[in-house]
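Examination of the molecular architecture
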Amino acid sequence: MSNSSYHVLSELEIIEYVRKIPGLFSENAQLICKEIGDGNLNLVFRIIENGSSGKSVIIKQALPYARVVGESWPLTLDRARIESEALMIQNSICPGLVPKVYHYDKELALTVMEDLSSHIIMRKGLISRNRYPYFAKHIGTFLARTLFLTSDLALDHQDKKQKVVQFINPELCKITEDLVFTDPYYDAKTNQFNPLIKEVIEEIWGHGELKLEITKLKEKFLTHAQALIHGDLHTGSIMVTETDTKVFDPEFSFYGPMGFDIGAVIANLLLNFCSHEGHTLDQEERLQYQDYLLNTVEEIWIVFEEEFRILWKGKASEPYASIQGYEDDYILRLLQDSLGYAGCKMMRRVIGLAHVSDLESINDPKLRAKGERLALAIGQQLVLKRETAQKIGDLTSLVRYVK
Ligand code: ADP
Ligand code: MG
Ligand code: MG
Ligand code: MG
């Protein structure tokens, strides 16, 4: 590793560090620091000024290994650069929908950013059956703008190729390639699953057609440098209030297929949908919340498509963007990719390494198995039937049919 001065900062060092950054705190501010990270890979510190100013910031420092596994799994510190650079691009394209970046330090692999502690992790909110009436509008807009405006549709093709190089992210991509597209589909050591659903998982391992479709989606993930994607857009990478949405943690960013981000959002709403089979035993209440989630999925796509078409009309620089039929064909392919990636992402969270708390927090293994079986059934159908979808309603009909 070339970062000679890199070391993991203590809470005291963090305080001294942040004090020196111009424009954040006054020189003799009394600062309190606490490590608050709950993620799999990095340290996250919150620094608060004691007193009435109410000022606070977040420092995220990358560790040279994956925290969830330990030092036996080394991981590049370059992901801190990727994350800060992606955040800056997203800030310029979607101001207000991502945390502001105050400072990035290459040597220490850390980013100083806006504190979002007035928000909660969306996944937690959905487990509590909260509703977020602005979320679909916000995330649909985030997806349309970040994806369209970083693609060959909007960028000069030479500039775009430079951006592809800027965001080469092989080690983080490998995590996705292994954990999303490979390991869940055979008896891999990394897998962890509820023993009660072993027979369903064995069926998946033996399902040739499904594995062929997964492999096609994996190939597209490997080769289709369509736009700068977030790369890890689950509901643990989104913080919300009733009226605000912030997307963070883009350390997996690279030039990949747009549908991977759209599919990630859909998959995580659907995983939450499945988890209420275990969390919400009152049928009326469960059905109402599940309806809310499916309506949200539809609304996200509708906003996405609307915004994407507006950008196509006003911001496309690709000279062939106006070729008859191209726009409709492009958007239909995005829809079908999104279904496929949503399916992959649902299945990996049930079979593979790193589950979601929506399902994990169902204590009774039998009830959890009910939600997990549903997630696997929906996930498989999304992958297998993705190319039959013509509109977003086909996705929600499919979910209702499987259920
Ligand atoms: P990792 O890459 O390790 O998953 P995250 O960026 O997801 O790290 O951060 C881990 C946790 O730290 C988040 O789930 C959230 O609770 C907290 N966190 C991260 N960034 C912020 C922020 N800007 N404001 C408030 N809390 C944050
Ligand atoms: Mg995270
Ligand atoms: Mg997290
Ligand atoms: Mg992360």
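Along each chain, the written sequence defines residue order, and numbers are assigned to residues from 1. Following the order in which they are written, the chains are lettered starting with A and the ligands numbered starting with 1. Confidence filtering applies because this is a predicted model: local features only for residues at pLDDT of at least 70, side-chain atom pairs given and counted only at 80 or more, and all residues used for totals across whole chains, interfaces and linings.

This next bit is on the sheet that holds strand S2 (residues 42-49). Note: two strands are recorded as paired if DSSP finds a minimum of 2 bridges between them. The helix and strand labels rest on DSSP assignments: H or I over at least four residues marks a helix, E over at least two residues marks a strand, and numbering proceeds from the N terminus. The sheet built from five strands is open, its strands ordered S1-S2-S3-S7-S6 with antiparallel pairing. Each edge of the open sheet is held by one strand with a lone partner, namely strand S1 (31-35) and strand S6 (101-105). Direction aside, the axes of adjacent strands within the sheet are offset by 20° on average. For S6 and strand S7 (residues 110-114), the ladder comprises four bridges, and the chain directions are antiparallel. Looking across to S7, one finds that valine 101 is bridged to methionine 113. Helix-sheet contacts for helix H1 (residues 11-19) involve S1, S2, strand S3 (56-62) and S7, and the interaxial angle to S1 is about 130°. This entry defines residue contacts through backbone-placed C-beta atoms, with two residues in contact when those atoms are within 7 Å. As a rule, the C-alpha atoms of each element are fitted with a line to give its axis, helices using only the stretch in contact, and angles between N-to-C directions run from 0 to 180 degrees. Contacts from helix H2 (residues 78-93) reach S3, S6 and S7 within the one sheet, and its direction differs from that of S6 by about 155°.

Okay, helix H13 (residues 365-385) next. The terminal C-alpha atoms of H13 lie 30 Å apart, and with 21 residues this matches the ideal 30 Å at 1.5 Å per residue to within 8%. Whether a residue is buried, exposed or partly exposed is read from the other C-beta atoms within 10 Å of its own C-beta, which are placed from the backbone; 20 or more gives buried, 12 or fewer gives exposed, and intermediate counts give partly exposed. Within H13 the residues assigned to the buried category are Arg368, Ala369, Gly371, Glu372, Leu374, Ala375, Leu376, Ile378, Gly379, Gln380, Leu382 and Val383. On the buried face of H13, the contacting elements are helix H7 (198-205), helix H8 (208-223), helix H9 (258-279), helix H11 (326-351), helix H12 (357-360) and helix H14 (392-402). Each helix should span, by expectation, one fewer than its residue count multiplied by 1.5 Å.

UniProt positions are given in the numbering used here, feature names are shortened, and annotations may be inferred rather than shown by experiment. As annotated by UniProt and renumbered to match this structure, "binding site: substrate" (unreviewed entry) occupies Asp232 and Arg348. These residues run over 117 residues, yet every pair of their C-alpha atoms falls within 13.1 Å of each other. Tracing the backbone through its elements, the reader meets aspartate 232 in the loop between strand S9 (227-229) and strand S10 (238-240). Classification of aspartate 232 as buried rests on a count of 23 C-beta atoms within 10 Å. Residues in contact with aspartate 232, not counting those within four places in the same chain, are Ser237, Asp249 and Phe252. Tracing the sequence through the fold places arginine 348 in helix H11. Among residues more than four places away in sequence, those in contact with arginine 348 are Leu179, Val180 and Pro184.

The next point concerns the site of ligand 1. Whether a residue is near a molecule or strand depends on its C-beta atom, generated from backbone atoms, being within 6 Å of that molecule or strand. Near ligand 1 lie 21 residues; those nearest to it are Gly39, Asn42, Val44, Leu116 and Asp249. Within the residue set of the shell around ligand 1, elements represented by two or more residues are S2, S3 and S7. Charged means Asp, Glu, Lys or Arg here, nonpolar means Ala, Val, Leu, Ile, Met, Phe, Trp, Tyr, Cys or Pro, and polar covers whatever is left, Gly included. Broken down by class, the residue content of the shell around ligand 1 amounts to nine nonpolar, six polar and six charged. Residue ranges labeled as domains rest on an automatic or database domain assignment. Among the domains, domain 1 (11-114) and domain 2 (120-402) are the pair contributing at least three residues each to the shell around ligand 1.

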